[in-house]
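What follows is each chain in one-letter form.
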Amino acid sequence: MPVRVGSRSAQPPFDWADQATWAPALAGTAAAYVSYVPDLGVPGSPAAIASFAETAVNGGTRRLVLLSGRGEEGALRAEKALEASGAEWTVVRCSWFNQNFSESLFLSQVLAGEVALPTDGVPEPFVDTDGIADVAVAALTEDGYEGRVYELTGPRLITFGQAVAEIADATGRPIRYSPISMAQFTAGLAEEGTPEDLAALLTYLFGDVMDGRNAYLTDGVRQALGREPRDFGDYARETAATGVWAA
Ligand SMILES: NC(=O)c1ccc[n+]([C@@H]2O[C@H](COP(=O)([O-])OP(=O)(O)OC[C@H]3O[C@@H](n4cnc5c(N)ncnc54)[C@H](OP(=O)(O)O)[C@@H]3O)[C@@H](O)[C@H]2O)c1
């Protein structure tokens, strides 16, 4: 199937911050996977999703699959905005991604040998983005997913400390997890020059959302695909073999 990427570096570019780019990026498409940046938990996301869905449906992109978060009020409001839009909608709610450790947020800390976060031992059911992608593709291209909310987690609840230990085992490198306080975390973000809006988002995610409300498993991957989700240990071993965590 022909596929078009929608992001600022794509052609034509798509930018959540510039509504004029939305219709050209959607032109001629029948379905779209909607991943809001930086996060549906930030103020303004429900309005953005409502406007985006209106643009899409008016232009003929009728099927919309929304990547959503767990336990965030803003995400729930954005889901409601999508449901009210007249689109053929599917919501895919996800826990923290495995790939944060190898492709984004935590990669630099893993490479430096110390991951320091204010998680207070709260366990998280990390989910693999390969499974999320499979669910999204099914919902975009097959019938039977419309009007449903899938909540995706991995198969195990583990703490950030356990996740880092499993990565250290898989790589054979000494990588340690250091629990820090919220005050140390926010001071570190300021020291690193983290942009204010990203710092506010991370403070919200670690300070509010990671209070135990999401510390449970769901069977969303099995419901959507009829198979089990990938385990964090398999992710760690297979990712270590790619060399991305080599010192
Ligand atoms: N990470 C997690 O654990 C997690 C868990 C649950 C849900 N989510 C949700 O997943 C979504 C993506 O998060 P992520 O962690 O994958 O983010 P990410 O790794 O930072 O990915 C950002 C992507 O978005 C594009 N992008 C950045 N700014 C953009 C803009 N203004 N307009 C259009 N595209 C833009 C970037 O491409 P360009 O640079 O080319 O624009 C890049 O491809 C968010 O809605 C987040 O809430 C994440």
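Notes on the structure in this doc start here. Note that the structure is predicted; figures quoted are calculated from it, not measured.

Helix-helix packing: each pair is described by the crossing angle between the helix axes and the interaxial distance. For the pair helix α2 (residues 45-58) and helix α3 (residues 73-83), the least separation of the axes is 8 Å and the interaxial angle reads 20°. Considering their axes alone, α2 and α3 lie roughly parallel with respect to each other. Read as a crossing pair, α2 and α3 show a hand that is right-handed. Between α2 and α3, the residues in contact are S45, P46, I49, A50 and A53 and G74, R77, A78, A81 and L82, respectively. Per-class residue counts for the contact of α2 with α3 are 7 nonpolar, 2 polar and 1 charged.

This brings us to the pattern of salt bridges. A full pass over the atoms with the stated rule returns 17 salt bridges. A salt bridge links R227 to D134; the shortest N-O distance between them is 2.5 Å. With R227 in the loop between α9 (220-225) and α10 (232-240) and D134 in helix α5 (residues 129-141), the pair connects residues that are 93 residues apart, well separated along the chain. R227 sits in the partly exposed class, given a relative accessible area of 33%. Here the salt bridges do not stand alone but share partners, grouping R70, E79, R93 and E151 into one network.

Neighbouring the ligand are 18 residues; S7, S9, Y36, D39 and N100 lie closest to it. In this structure, W16 approaches the ligand through a main-chain N or O atom, which is 3.0 Å from a nitrogen atom. Computed on the free molecule, the ligand has an accessible area of 890 Å², of which 69% lies beneath the protein chains in the complex. The residue makeup of the shell around the ligand, split by class, is 9 nonpolar, 6 polar and 3 charged.

Another point: the packing of aromatic side chains. Inspection of every chain in the model, using the stated rule, returns 22 aromatic pairs. Taking 5.2 Å as the distance between ring centres and 55° as the angle between the ring planes, the aromatic pair formed by W16 and F52 counts as tilted. With a gap of 36 residues between them, W16 in the segment before α1 (22-26) and F52 in helix α2 connect regions that are remote in the sequence. In this structure F52 comes out as buried when scored by relative accessible area, which is 5%. Judged by centre distance (5.2 Å) and plane angle (35°), the rings of W96 and F206 are tilted. Linking W96 in the loop between β3 (88-94) and α4 (107-112) with F206 in helix α8 (residues 196-209), this pair joins segments that are 110 residues apart in sequence. Take W96: its relative accessible area is 15%, and that puts it in the buried class. Taken together, the ring pairs in this structure connect W96, F101, F106, F126, F160, F185, F206, F232, Y235 and W245 into an aromatic cluster. One residue, R70, lies across the ring of Y216, its end atom 4.4 Å from the ring centre.

Cut-offs and rules
Residues numbered from 1 in each chain as written. Predicted model: local features only at pLDDT ≥ 70, side-chain atom pairs only at ≥ 80, totals over all residues. Heavy atoms only, no water. Axes fitted to C-alpha atoms, helices over the stretch in contact; angles between N-to-C directions. Helix = DSSP H or I, 4+ residues; strand = E, 2+ residues; numbered from the N terminus. Parallel < 35°, antiparallel > 145°, perpendicular 65-115°, else oblique. Left-handed = near helix turned anticlockwise from the far one by under 90°. Contact = heavy atoms within 4.5 Å. Nonpolar A, V, L, I, M, F, W, Y, C, P; charged D, E, K, R; others polar. Salt bridge = Lys/Arg side-chain N within 4 Å of Asp/Glu carboxyl O. Buried < 20%, exposed > 50% of the residue type's maximum accessible area, 1.4 Å probe, protein only. Near = heavy atom within 4 Å. Polar contact = N/O pair within 3.5 Å; in protein donor to acceptor, adjacent residues only side chain to side chain. Areas by Shrake-Rupley, 256 points an atom, 1.4 Å probe, with all protein chains shown as cover. Phe/Tyr/Trp six-rings, centres within 6.5 Å; stacked < 30°, edge-to-face > 60°. Lys NZ or Arg CZ within 6 Å of the ring centre and 35° of its normal.

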